[in-house]
Amino acid sequence: AENGIRAATFIKDTVQMKTIIKNRKKFTQSYGMSKHNPELKKEGLNKYLGGLKIAESSPAYEQLRIPYYNNISQYYKIAGDYPKGLLYGEKAEALAKKYHQYLSLTYTYTWLGEIYFYSGDHAKGIHYLNRALDITVAQRAPFRTAEIYKALYKCYHDAGETEKALNAFSRSVTGNDS
C-alpha cells in the first residue's frame, strides 16, 4: 500500500491515491481489531479521517466519500460512540442513495441498524438491518446477505429472541456455505 501511494503521488493520480489510502486504512483498522489493539484501531480511524479530508476537498470526489463515511461509522459503532456513528452513517446513506451505490448502502444500513439496536431502539435497528438484507437479495450479493444475517443473529440473540436468532444464524451459515 505504501509503495502504491508513493507511485500514485508521483504520477499525480489522485483517484488511485485515495483508493490505496482507503485500502491501507482498512488493513490497519482490521489488523488493530483482530489484535484488539486500540492504538492500531485509532491509527486506522485517523487514516480514514485523513483520506476523507482529501475526498471532501473537491466536489469531484463526492462519490468517493461513501466508503470513508461507512468505515468511520463502523469504527464509531464498534467504539460505542453511537452519535458519531450515526452522523457518518447518515452521510454515507445520503451519498449512496444519490449515486445508486446499493452495495455500499447495505454496509450503511448494517452499521445504522446495529447502532440503533445497541443504543436501545431495537425496532429501528432491525428495520435497518432488514432494509440492508432486502438490497442484498435484490443485488444478488450472497456474501453480504450472510453477513447481514449474522448481524441479525447477534441482535436477536442479545435481545433474548432465541427463535429469531436461531433462524438468522442458520441462514447466515447456509449463505456462507453456499
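**Q** So what's going on with the overall build of the protein? Which residues, and what values?
**A** When its secondary structure is counted, the protein shows 9 helices and 0 strands. Starting at the N terminus and ending at the C terminus, the protein contains elements arranged as α-α-α-α-α-α-α-α-α. For the protein, buried positions account for 43% of its 178 residues. Within the protein, contacts between residues at least 6 apart in sequence are counted, and of these 47% link residues at least 24 apart.

**Q** Please provide a residue-by-residue account of the packing of aromatic side chains, values included.
**A** With the rule as written, the count across this model stands at 9 aromatic pairs. Each ring, one from Tyr75 and one from Tyr76, has its centre 5.3 Å from the other, and the planes form 80°; the classification is edge-to-face. For Tyr75, a relative accessible area of 12% gives the class buried. For Tyr76, a relative accessible area of 10% puts it in the buried group. Consider the rings of Tyr116 and Tyr128, whose centres lie 5.5 Å apart with planes at 10°: the pair is stacked. Placement of the pair is Tyr116 in helix H6 (residues 102–118) and Tyr128 in helix H7 (residues 122–138), with a sequence separation of 12 residues.

**Q** Which residues make up the side chain of Thr108, and what values do they have?
**A** Positionally, Thr108 belongs in helix H6. Its relative accessible area of 0% is what places Thr108 among the buried residues. Not counting residues within four places of it along the chain, the set of residues in contact with Thr108 comprises Asn70, Gly89, Ala92 and Glu93.

**Q** Got a sec to walk through the nonpolar core? Specific residues and values, please.
**A** Counting residues in hydrophobic clusters, the biggest one holds 35 residues, and the most contacted among them are Ile72, Tyr109, Ile126 and Leu152. For Tyr109, the residues in contact, after removing those within four places along its chain, are Glu93, Lys97, Tyr128, Leu129, Arg131, Ala132 and Ile135.

**Q** Can you break down the side chain of Asn71 residue by residue, with the values?
**A** Structurally, Asn71 is set in helix H4 (residues 65–79). On the basis of relative accessibility, which here comes to 12%, the residue Asn71 falls in the buried class. In this structure the side chain of Asn71 is engaged in a polar contact, spanning 2.8 Å, whose partner is the backbone oxygen of Pro67.

**Q** Break down the pattern of salt bridges for me, with residues and values.
**A** Close approach of charged atoms lets side chains of opposite charge pair. Counting across every chain of the model gives 6 salt bridges. Close ionic contact of Asp81 with Lys84 constitutes a salt bridge, the shortest N to O distance being 4.0 Å. With a relative accessible area of 24%, Asp81 lands in the partly exposed category.

**Q** I'd like to hear about the confidence of the model for the protein, residue by residue, with values.
**A** Residue-level pLDDT values for the protein average 87, and 89% of them are 70 or greater. Considering each helix and strand of the protein separately, the mean pLDDT is smallest for helix H2 (residues 14–34), with a value of 64, and largest for helix H5 (residues 82–98), with 98.

The rules behind these values
- The residue numbers shown here count from 1 along each chain, following its written sequence.
- Per-residue local features of the predicted model are confined to residues with pLDDT of at least 70, and side-chain atom pairs are confined, for both listing and counting, to 80 or more; whole-chain, interface and lining totals are unaffected and use all residues.
- With hydrogens and water stripped out, all remaining heavy atoms of the structure feed into the side-chain values.
- Runs of H or I in DSSP of at least four residues are treated as helices and runs of E of at least two as strands, each being numbered from the N terminus.
- Exposure classes here rest on a 1.4 Å probe applied to the protein chains alone. A residue is buried below 20% of its type maximum, exposed above 50%, and partly exposed in between.
- Note on definitions: a residue-residue contact is assigned when non-hydrogen atoms from the two residues lie within 4.5 Å.
- A pair of Phe, Tyr and Trp rings is counted when the ring centres sit within 6.5 Å of each other, with Trp represented by its six-membered ring. The angle between the planes then sorts it: under 30 degrees is stacked, over 60 is edge-to-face, the rest tilted.
- Working definition of a nonpolar core: buried Ala, Val, Leu, Ile, Met, Phe, Trp, Tyr and Cys residues. They are joined through side-chain atoms within 4.5 Å.
- Two N or O atoms count as a polar contact when they lie within 3.5 Å, although within protein this holds only if one can serve as hydrogen donor and the other as acceptor, and sequence-adjacent residues are included solely when both atoms are side-chain atoms.
- Only one rule defines a salt bridge in this text: a Lys or Arg side-chain nitrogen within 4 Å of an Asp or Glu carboxyl oxygen.
- Known as pLDDT, the predictor's confidence for each residue is given on a scale from 0 to 100.

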